[in-house]
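Observations on the three-dimensional arrangement
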Amino acid sequence: MKVVALAGGVGAGKFLRGLVRVVPPQHVTVVVNTGDDLTLHGLRICPDLDSVTYWLAELADRRRGWGRVGDSFRALEELRWLGGEAWFSLGDLDLATHLTRTQWLQQGRTLSEVTARLCSAFGVTARVLPMTDDVVTTRIDAVDEEGHHLDLHFQEYWVGRRARDGVKGIRYDGAGQARPAAGVAEAVTAADVVVFCPSNPVVSIRPILEVAGIARAIRERRGPAVGVSPIIAGAPVAGMADRLMPATGLEVSAFGAASAYRGLLTCWVIDERDAALAPRIERDLEMRVAVTDTLMTDDEAAERVARVALDLAAG
Ligand code: GDP
Ligand code: CA
């Protein structure tokens, strides 16, 4: 069975650990959001690609959710001490990834090629593809405490200003002109199942769907497409989805997250705490629903969630 998974960062990473225990990793293609990518210190940083790679390589820091387990932050401390730009945390080991990626990109390789090489170095056997090799940037239209309008890079909003601003809207600059990375549309078309990981609907999955042709490829295939809700009992497990979803008219619930994928998904997995929402999702969104414990506290839990999702899709 061939599976294509659309992925953001931590929610996707946890889930993918389970998915590759159910499906051989060689049969899994992960299409990753690059809307969060940024250039800092001259380095190209791709937070979601790195998260997915580290999780699949068993090198992720599960407690923190991002970065490498056992990493240190000596370079960052020195940067801060020198008066350099230090608002975005970069671990010492993590820096090696960004240095290598940046050099390879400067030599003329595409982000897909660089990602494949990094994955191979980290021993990741699933195929990890950026959604596009073009630059797409998620930007937040915000209003600060004094009522000033701000146009922020997603990372400035989330990491730099710690989500303190009111959110008016979300844009995906460049998505309309971006082309899917080589192999993305083909993998979607050839997939037996497409899975939307339990990632943030508006800043992780939506940017992927905004790249011209990806949503169409999903819509035009005949096989099932299943998603796992990142929202449990009306709140994200972690992150800022509760502040961003309302700005795009989505209710912060397992129903609201599913409604972002109306017409794309045939199946939706929700948490047992949200069991009461199942009939409404089935009726209003025409998705088949499975109810289970979706809290992925370890790989065994993630494996169970992945199995429920694939069984639902097959059923
Ligand atoms: P980010 O880019 O690192 O924020 O990564 P994602 O978009 O992939 O993941 C963030 C989402 O993952 C949040 O909306 C969380 O609610 C969700 N998430 C994290 N852990 C879990 C979990 O154990 N179960 C479920 N269902 N969702 C989770
Ligand atoms: Ca992200």
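Numbering of residues starts from 1 in each chain and follows the order in which that chain's sequence is written. Chain labels run from A onward and ligand labels from 1 onward, assigned in the order the entries are written. Per-residue local features are limited, in this predicted model, to residues with pLDDT of at least 70; the limit for side-chain atom pairs, both in listing and counting, is 80 or more; totals at the level of whole chains, interfaces and linings are taken over all residues. Hydrogens and water are ignored here; the side-chain numbers use all heavy atoms of the structure.

Before going further, it helps to examine the sheet that holds strand S2 (residues 28-32). Read across the open sheet, the seven strands follow the order S5-S2-S1-S9-S10-S13-S14; overall the sheet is parallel. Since the sheet does not close on itself, it has two edges, and those belong to strand S5 (127-130) and strand S14 (288-292), each with one partner. Shown here is a sheet whose adjacent strand axes are inclined to one another by a mean of 20 degrees, direction ignored. Relative to strand S1 (residues 3-7), helix H8 (residues 201-210) is tilted by about 115 degrees, and along the sheet it contacts S1, S2 and strand S9 (193-196). Any two strands are treated as partners once DSSP identifies two or more bridges connecting them. Think of it this way: any DSSP run of H or I at least four residues long counts as a helix, any run of E at least two long counts as a strand, and we number them from the N terminus. To get an axis, a line is fitted to the C-alpha atoms, and for a helix only the part in contact is used. The angle between two axes follows their N-to-C directions and goes from 0 to 180 degrees. Note on definitions: a residue-residue contact is assigned when non-hydrogen atoms from the two residues lie within 4.5 Å.

Our next topic: the coordination of the calcium ion (ligand 2). The rule for donors is simple: N, O or S, within 2.8 Å of the metal, or within 3.2 Å if the metal is Na, K or Ca. Water isn't counted, so a site may look like it is missing partners. Every protein donor of the calcium ion (ligand 2) is listed here as Asp36 (OD), Asp48 (OD) and Asp48 (OD), and their distances to the metal cover 2.0 to 2.7 Å. Taken together, the residues span a long stretch of sequence, with aspartate 36 in the loop between S2 and strand S3 (38-40) and aspartate 48 in helix H2 (residues 47-56) at a distance of twelve residues. Each member of the pair, aspartate 36 as well as aspartate 48, is classed as buried. Relative accessible area decides the class of each residue, using a 1.4 Å probe on protein chains only: under 20% of the type maximum gives buried, over 50% gives exposed, and in between gives partly exposed.

So, on to the site of ligand 1. For each residue, the test is whether any non-hydrogen atom lies within 4 Å of the molecule or strand; if one does, the residue is near. Near ligand 1, the surroundings consist of 20 residues, among which Ser199, Ser204, Pro230, Val237 and Thr294 are the closest. Polar contacts, as counted here, are pairs of nitrogen or oxygen atoms within 3.5 Å of one another; within protein the pair requires one atom able to donate a hydrogen and one able to accept it, and residues that are adjacent in sequence qualify only if both atoms are side-chain atoms. A distance of 3.0 Å is found between an oxygen atom of ligand 1 and a backbone nitrogen or oxygen belonging to glycine 11. Within the backbone of proline 198, one N or O atom sits 3.0 Å away from an oxygen atom of ligand 1. If ligand 1 stood free it would expose 590 Å²; the protein chains cover 92% of that surface. The element that contributes the greatest number of residues to the shell around ligand 1 is helix H1 (residues 10-22), accounting for four residues. When residue character is reported, Ala, Val, Leu, Ile, Met, Phe, Trp, Tyr, Cys and Pro are called nonpolar, Asp, Glu, Lys and Arg charged, and the others, Gly included, polar. Counted by class, the shell around ligand 1 contains ten nonpolar, eight polar and two charged residues. Accessibility throughout is a Shrake-Rupley quantity obtained with a 1.4 Å probe, and a residue counts as covered only by protein chains that appear here.

Moving on, we come to the pairing of S2. Within S2, five of the five residues are buried, which leaves it mostly tucked inside the rest of the structure. Side chains Val28, Val30 and Val32 of S2 all project onto a buried face; the interleaved residues Thr29 and Val31 project onto the opposite face, where all are buried too. Across five bridges, S1 lies against S2 in parallel orientation. The partner of valine 3 across the bridge, within S2, is valine 28. Handedness of a crossover is defined as follows: with both strands directed away from the viewer, a clockwise route from the first strand across the helix to the second makes it right-handed. Running through H1, the crossover from S1 to the neighbouring parallel element S2 is right-handed. Bridge analysis of S2 against S5 gives four bridges, and the strand direction is parallel. Across the sheet, residue threonine 29 finds its bridge partner in S5, namely arginine 127.

On to the packing of helix H4 (residues 92-106) against helix H5 (residues 111-121), then. Across the interface, H4 lies against H5 with an axial gap of 10 Å and an inter-helix angle of 140 degrees. Judged by the angle between their axes, H4 and H5 are oblique. Viewed along their axes, H4 and H5 form a crossing whose handedness is right-handed. Across the interface between the two elements, Thr97, Thr100, Arg101, Trp104 and Leu105 from H4 touch Leu111, Val114, Arg117 and Leu118 from H5. Angles are sorted into four bins: roughly parallel if under 35 degrees, roughly antiparallel if over 145, roughly perpendicular if 65 to 115, and oblique for all others. Crossings are sorted by hand: turned counterclockwise from the far helix by less than a right angle, the near helix makes the crossing left-handed, and turned clockwise it makes it right-handed.

With respect to topology, three strands assemble into an open sheet ordered S7-S6-S8, the strand pairing being antiparallel. Looking at which strands have only one partner, the edges of the open sheet turn out to be strand S7 (149-153) and strand S8 (166-173). With direction set aside, neighbouring strand axes in the sheet form an average angle of 25 degrees. When strand S6 (residues 137-143) meets S8, the two strands line up antiparallel, connected through seven bridges. Within S8, the residue paired with valine 143 across the bridge is glycine 166. Its contacts with the sheet put H8 on S6 and S8, and the angle it makes with S8 is roughly 30 degrees.

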